[in-house]
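# Secondary and tertiary structure notes
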Amino acid sequence: MQFRQQALSKLQSPEEIDLPVRYARPRGGLVLAVTVVAMIAAGVWAVTGTVSSTVAAPGILTHIRGSYVLQSPVAGQVTDVLAEEGQRVAADAPLLKVRTAQGNSVVRTIAAGRLTTLVASIGSVVTTGADVAAVERFDRADDPLVAVLYMPMANGASVPVGAAVDLTLQSVPAQQYGVLRGRVEAVGRTPQTRQRISGFLGNSQLGEQFSKDGQPIAVVVRLERSSATTSGYAWSSSGGPPYAIDSMTLATGSVHVAEQHPIDWLLP
């Protein structure tokens, strides 16, 4: 009771009327202002901002018509090799000379393109129907490349045509030169078997690699062109690598499948 009377007496004293009252420290006001600004910014972003959802898949750069595996029409011993790996070949161009029991025979290409794999060598023995080479189909050296991604069926169903794609190439350091830009041009709806992938790429090892987790679907990505880069294609960096990019280069594609407003996540 005594302390209560002293407290009431002090509050009623006229000397206390003119004393200033401190509502908050200056530091507390600064914290409050920053908090308010941050909340306003978060609210604006929640309404106008977007979050991109991506799906990644392995793939390879190639020409749109793919490759074909050349098989020997005869059995015998190879006596001469008339082309080298990496060389451009015309349609019906001589590739191998084979000595058979009936005489010499010439193995020729089926369509024009680039010789990517040559299995046969001088002195080797080939049988009828044996794989001797793989040729990537194209008509002109400046025919544009595409990227073919091999994606699980469950993920491929959500990929729309026209979606943006960022491609990381095995032969290009991404930290130094960035990623290759592209857009989805076509989405396959039929699962790709190992044999079908091998036939399209002209390489059985790639067929096994892209189908090891099951039969994928093929997603064709059109690469964005640019006259300002050495490679002729658009990159996330200003110039990209200071050299050309080759077909049959392994890549990993990140497909931007959707953009969603963050505020939608809060709605039931």
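Position numbers for residues start from 1 in each chain and track the written sequence from start to end. Owing to the predicted nature of the model, reporting of local features is limited to residues with pLDDT of at least 70; listing and counting of side-chain atom pairs is limited to 80 or more, with chain, interface and lining totals taken over all residues. Think of the side-chain values as coming from all heavy atoms in the structure, minus any hydrogens and water.

DSSP bridges decide pairing: two strands pair if at least two such bridges lie between them. Only DSSP runs of H or I reaching four residues or more are called helices, and only runs of E reaching two or more are called strands; each is numbered from the N terminus. Taken in spatial order, the 4 strands of this open sheet run β6-β5-β3-β8, and their pairing is antiparallel. Single-partner strands in this sheet number two, and they are β6 (103–108) and β8 (125–126). Where strand β3 (residues 76–81) meets β8, 2 bridges bridge the pair, whose relative direction is antiparallel. For Gln77, the partnering residue across the bridge sits in β8 and is Val125.

To continue, consider helix α5 (residues 194–201). Along α5, the residues classified as buried are Ile197, Ser198 and Leu201. All buried residues of α5 fall inside an arc of 100° around its axis, so they share one side. Looking one or two places after α5, you find Gly202, whose phi comes out positive at around 70°. Burial classes follow relative accessibility: with a 1.4 Å probe on protein chains only, a residue under 20% of its type's maximum area counts as buried, one over 50% as exposed, and anything between as partly exposed. To obtain the arc, one takes the directions from the helix axis to the C-beta atoms.

Once that is clear, we can look at the pairing of strand β9 (residues 131–137). With 5 of its 7 residues buried, β9 lies for the most part within the structure. Here strand β2 (residues 67–71) pairs with β9 via 5 bridges, running antiparallel. Within β9, the residue paired with Tyr68 across the bridge is Val135. With 5 bridges joining them, strand β7 (residues 113–118) and β9 adopt antiparallel strand pairing. Bridging across to β9, Leu118 finds its partner in Ala133.

Bringing the environment of Ile245 into the picture now. With respect to the helices and strands, Ile245 occurs in the loop between β13 (217–223) and β14 (250–260). When its relative accessible area of 10% is taken as the criterion, Ile245 is described as buried. In sequence terms Ile245 and Leu145 are 100 residues apart; their C-alpha atoms lie 9.3 Å from each other. Once residues lying within four places of it in the same chain are set aside, the contact partners of Ile245 are Leu61, Leu145, Leu169, Val172, Leu180, Ser231, Tyr233 and Trp235. Residues are treated as being in contact if the distance between any of their heavy atoms lies within 4.5 Å.

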